[in-house]
Amino acid sequence: MQAWYHEAKDAHWKNSAELKVRYPSASIINSERAVFNIGGNKYRLVVRINYKSETVFVRFVGTHAAYDRIDPEKF
């Protein structure tokens, strides 16, 4: 999680396609939401990304089982 944080802090993604280049296993939910697998897919991280202002908002961090109980588009 810390490694992801440090990479995201310094990232300058312009869109989800650029994010996928760095993180091919990330799931793009919509134009501003993405899901990352953390810890060998034991955990999921849902973020909202504002590509224009280069800000990332963490919306959810939890186990894969907990992720299955949420709607990542609305959480």
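About the cut-offs
Residues numbered from 1 in each chain as written. Predicted model: local features only at pLDDT ≥ 70, side-chain atom pairs only at ≥ 80, totals over all residues. Heavy atoms only, no water. Helix = DSSP H or I, 4+ residues; strand = E, 2+ residues; numbered from the N terminus. Buried < 20%, exposed > 50% of the residue type's maximum accessible area, 1.4 Å probe, protein only. Contact = heavy atoms within 4.5 Å. 1 Å grid on protein atoms, 1.4 Å probe; cavity = no way out; pocket = protein on both sides within 12 Å on 5 of 7 lines; lining within 4 Å. Points joined across faces, edges and corners; volume = space filled by probe spheres on them. Nonpolar A, V, L, I, M, F, W, Y, C, P; charged D, E, K, R; others polar. Pairing = 2+ DSSP bridges. Axes fitted to C-alpha atoms, helices over the stretch in contact; angles between N-to-C directions. Phe/Tyr/Trp six-rings, centres within 6.5 Å; stacked < 30°, edge-to-face > 60°. Lys NZ or Arg CZ within 6 Å of the ring centre and 35° of its normal.

With that settled, consider the environment of K20. Mapped onto the elements of the fold, K20 is located in helix α2 (residues 16-22). Classification of K20 as partly exposed rests on a relative accessible area of 31%. C-alpha of K20 to C-alpha of A34: the two residues are 14 residues apart in sequence and 9.7 Å apart in space. Setting aside chain neighbours within four positions, we find K20 in contact with S25, A26 and I28.

Attention now moves to the layout of surface pockets. Here the largest pocket defines a volume of roughly 210 Å³. A8, K9, E54, T55 and V56 are the residues nearest the centre of the largest pocket, which is lined by 14 residues in total. Those elements that provide at least two residues to the lining of the largest pocket are α1 (2-10), β3 (43-50) and β4 (55-63). Counting residues per element, the lining of the largest pocket draws most heavily on α1, which supplies 4 residues. Split into classes, the residues belonging to the lining of the largest pocket amount to 9 nonpolar, 3 polar and 2 charged.

The pairing of strands in a sheet happens through backbone hydrogen bonds and is either parallel or antiparallel. With antiparallel pairing, the 4 strands of this open sheet are ordered in space as β1-β2-β3-β4. The open sheet has two edge strands with one neighbour each: β1 (27-30) and β4. In this sheet, neighbouring strand axes are inclined to one another by 25° on average, regardless of whether the strands run parallel or antiparallel. Looking at chain direction, β3 and β4 are connected through 8 bridges and run antiparallel. When the bridges of β4 are listed, V47 appears paired with V58.

With that settled, consider the packing of aromatic side chains. Tallied over the entire structure, the rule returns 5 aromatic pairs. Measuring from ring centre to ring centre gives 6.2 Å for W13 and Y23, while their planes differ by 75°; the resulting arrangement is edge-to-face. Of the two residues, W13 sits in the loop between α1 and α2 while Y23 sits in the loop between α2 and β1, which places them 10 residues apart along the sequence. Neither residue differs from the other here; W13 and Y23 are each classed as buried. Residues F60 and F75 carry aromatic rings whose centres are separated by 5.5 Å and whose planes lie at 90° to one another, so their mutual orientation is edge-to-face. Highlighted residues: F60 in strand β4 and F75 in the segment after α3 (64-67), separated in sequence by 15 residues. For F60, a relative accessible area of 9% gives the class buried. Relative accessible area serves as the criterion here: at 38%, F75 is assigned to the partly exposed category. If you follow R22 out to its NZ or CZ, it ends over the ring of Y23, 4.8 Å from the centre. Between R44 and the ring centre of Y67, over which it is positioned, the NZ or CZ distance is 4.7 Å.

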